[in-house]
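# Analysis of the macromolecular model
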Amino acid sequence: MQKEVISTSQAPAAVGPYSQAVKVGDTLYSSGQIALDPATGAMAANDIAGQSEQVMKNLSAVLTAAGYSFEDVVKTTCFLADINDFAAFNAIYEKYFISKPARSCVAAAALPKGALVEVELIAVK
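Please read these numbers as outputs of a predicted model, since none were measured by experiment.

Cut-offs applied
Residues numbered from 1 in each chain as written. Predicted model: local features only at pLDDT ≥ 70, side-chain atom pairs only at ≥ 80, totals over all residues. Heavy atoms only, no water. Salt bridge = Lys/Arg side-chain N within 4 Å of Asp/Glu carboxyl O. Helix = DSSP H or I, 4+ residues; strand = E, 2+ residues; numbered from the N terminus. Buried < 20%, exposed > 50% of the residue type's maximum accessible area, 1.4 Å probe, protein only. Contact = heavy atoms within 4.5 Å. Pairing = 2+ DSSP bridges.

## Section: the pattern of salt bridges
Applying the stated criterion to the full structure yields two salt bridges. Two residues, Lys95 and Glu53, come together in a salt bridge whose shortest N-O distance is 2.6 Å. Within this pair, whereas Lys95 is found in helix α2 (residues 86-96), its partner Glu53 is found in helix α1 (residues 48-66), the two being separated by 42 residues in sequence. Lys95 sits in the exposed class, given a relative accessible area of 51%. A salt bridge links Lys125 to Asp72, with the shortest nitrogen-to-oxygen separation between them at 3.5 Å. Remark: Asp72 occurs in the loop between α1 and β4 (73-80) and Lys125 occurs in the segment after β6 (117-124); sequence separation between them is 53 residues. For Lys125, a relative accessible area of 53% translates into the label exposed.

Okay, here's the thing in structure tokens:
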């Protein structure tokens, strides 16, 4: 099967040796997105709600670049720096993932660049 690397300037550039997403067949695998503003490279907010919104914007940009939408997402993995942010994160998450894909959500000891949240996804056409 052929693989296609997905890259867009509408989402933050990778901060390491990885791609924003890779498409294999009809399946898209995204790398985790944190709340970096793609225009500045700086963290977009200091609170969980603001960071969650930026993460969703970044994921949307990657999905769009690959020809997908949130409706195509079948699985997400969510990482929170503080599990006490679970309810506030969910309030933002549910606005975007209305199709309710399968999900894992865990607390992480630390996230890149001091982020409060990181989300990766799998989408299928």
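Having seen the structure, we can now continue with the description.
## Brief notes about α2
If you check which residues of α2 are buried, you get Phe89, Asn90, Ile92 and Tyr93. Those residues of α2 that are buried lie in contact with α1, β4, β5 (102-107) and β6.

## Observations regarding the pairing of strand β2 (residues 21-24)
Bridging between strand β1 (residues 3-6) and β2 involves four bridges; their strand directions are antiparallel. Each bridged residue has a counterpart across the sheet, and for Ile6 the counterpart in β2 is Ala21. Bridge count for β2 against strand β3 (residues 27-30) is four bridges, and the pairing is antiparallel. Across the sheet, the residue bridging to Lys23 is Leu28, located in β3.

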